[in-house]
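Results of the structural survey
Each chain is listed here by its residues.
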Amino acid sequence: MKIILLGPPGAGKGTQAKIITGKFAIPQISTGDILRKAVKDQTEMGKRAKSFMDSGGLVPDEVVIGIINERITEPDCSKGYILDGFPRTLIQAEALTEALTALGGDIDFVIDLKADAETLSRRLSGRRVCRECGQMFHVEFNPSKIDGKCDKCGGELYQRDDDKEETVLKRFEVYDTQARALESYYSTSGRYKPVDGNASMEDVSQKVLDILGG
Ligand code: ADP
Ligand code: ADP
Ligand code: ZN
């Protein structure tokens, strides 16, 4: 099963992707996570991506398209995967369709998590992420058992630089300029499923799993 998760920053894409991964045993592919790791490891790609990420803008299409084209042909993707944070532009969506056609497949579900501006702001300002394993927590809605430490691996929790208020506004703006094009690209087919992401994690995941038939 191949799934795309669309939605603005803070909508809960990563959270839902991790729940789906657990249920269906298919990998989560997060371009944000892959890029943050490249920045941390100071690879050539990371050096190139960093300034775009810091400013809240998008990394150039060809960089993320390259990441995805490589990743989806790895052996663990043979039964499917969940794309979290890709595609983010029409060019990326078209490149993905092209790559999938060449591989002889297509996306099964496009889940579009919708949430209000107020919900998104509260989620991003309270988001904390594990430096080691990438698991996300929320100071209010999903706190870790020990303050500042990851429940899964004991790693240190930090606030992403781009989750600070100045950058968040820019990221919303960037999202809004691309969202309609992506929605109209996918909404012509029955696989496009908008979901109200304002509800609790459990309620959202129930809706998502109902759609996926889990
Ligand atoms: P969020 O989970 O808050 O939506 P991500 O972790 O997905 O944020 O992305 C963080 C940053 O990484 C983005 O602001 C952007 O700079 C870069 N990025 C991630 N995915 C893409 C993509 N598909 N295209 C371009 N840039 C991307
Ligand atoms: P995205 O990947 O779309 O940027 P995340 O999954 O990282 O979003 O979620 C953003 C923040 O909101 C995280 O701190 C997460 O723990 C929290 N969160 C996610 N979904 C919900 C929800 N349904 N209700 C409350 N908090 C949530
Ligand atoms: Zn961890």
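Above this note sits the structure.
Okay, so let's go over this structure. Treat the numbers as computed from the prediction; the structure is a model and nothing was measured.

In this structure, Cys 130 (SG), Cys 133 (SG), Cys 150 (SG) and Cys 153 (SG) serve as the protein donors to the zinc ion (ligand 3), at separations of 2.3 to 2.4 Å. Each of the four donor atoms around the zinc ion (ligand 3) contributes to a set of angles spanning 98 to 116°, which defines the coordination as tetrahedral. Read from N- to C-terminus, the donor residues coordinating the zinc ion (ligand 3) fall into the pattern C-x2-C-x16-C-x2-C. Placement of the pair is Cys 133 in the loop between β5 (127–130) and β6 (136–138) and Cys 153 in the loop between β6 and β7 (157–158), with a sequence separation of 20 residues.

As a structural note, the neighbourhood of ligand 2 is formed by 18 residues, with Gly 10, Lys 13, Thr 15, Arg 127 and Phe 137 the closest of them. Here Arg 123 contributes a side-chain N or O atom positioned 3.3 Å from a nitrogen atom of ligand 2. Against a free-state accessible area of 560 Å², the protein chains account for coverage of 94% of ligand 2. Of all the secondary-structure elements, those providing two or more residues to the shell around ligand 2 are α1 (13–24) and β6. Residue composition of the shell around ligand 2, by class: eight nonpolar, seven polar and three charged.

Taken together, 19 residues surround ligand 1, and among them Thr 31, Arg 36, Gly 57, Gly 85 and Arg 171 come closest. The side chain of Arg 36 places a nitrogen or oxygen atom 2.8 Å from an oxygen atom of ligand 1. A distance of 3.0 Å separates an oxygen atom of ligand 1 from a polar atom in the side chain of Arg 127. Calculation on ligand 1 without its partners gives an accessible area of 550 Å², and the protein chains cover 97% of this total. Considering each element in turn, the shell around ligand 1 owes the most residues, four residues, to helix α2 (residues 31–40).

The space that makes up the second largest pocket amounts to roughly 630 Å³. Taken together, 20 residues form the lining of the second largest pocket, with Arg 36, Lys 37, Lys 40, Tyr 158 and Arg 160 sitting closest to its centre. Where the lining of the second largest pocket is concerned, the elements lending two or more residues are α2, α3 (44–55) and β5. By residue number, the principal contributor to the lining of the second largest pocket is α2, which donates five residues. When the residues that make up the lining of the second largest pocket are grouped by side-chain class, the tally is six nonpolar, two polar and 12 charged.

We now examine empty space enclosed by the protein. Taking a probe equal in size to a water molecule and rolling it over the atoms shows the remaining empty space. The final tally for this structure, using the stated rule, is one cavity of 30 Å³ or more. As a volume, the largest cavity reaches approximately 100 Å³. Every residue lining the largest cavity is listed: Leu 5, Leu 6, Gly 7, Lys 13, Gly 85, Phe 86, Pro 87, Arg 88, Asp 112, Tyr 175, Ala 179 and Leu 182. Sorting the residues of the lining of the largest cavity by element identifies β1 (2–6) and α7 (165–186) as the ones contributing at least two each. It is α7 that contributes the most residues to the lining of the largest cavity, three residues altogether.

About the thresholds
- Residues numbered from 1 in each chain as written.
- Chains lettered and ligands numbered in written order.
- Predicted model: local features only at pLDDT ≥ 70, side-chain atom pairs only at ≥ 80, totals over all residues.
- Heavy atoms only, no water.
- Donors = N, O, S within 2.8 Å, 3.2 Å for Na, K, Ca; no water.
- Tetrahedral: all angles 85-135°; square planar, octahedral: opposite > 155°, others 65-115°.
- Helix = DSSP H or I, 4+ residues; strand = E, 2+ residues; numbered from the N terminus.
- Near = heavy atom within 4 Å.
- Polar contact = N/O pair within 3.5 Å; in protein donor to acceptor, adjacent residues only side chain to side chain.
- Areas by Shrake-Rupley, 256 points an atom, 1.4 Å probe, with all protein chains shown as cover.
- Nonpolar A, V, L, I, M, F, W, Y, C, P; charged D, E, K, R; others polar.
- 1 Å grid on protein atoms, 1.4 Å probe; cavity = no way out; pocket = protein on both sides within 12 Å on 5 of 7 lines; lining within 4 Å.
- Points joined across faces, edges and corners; volume = space filled by probe spheres on them.

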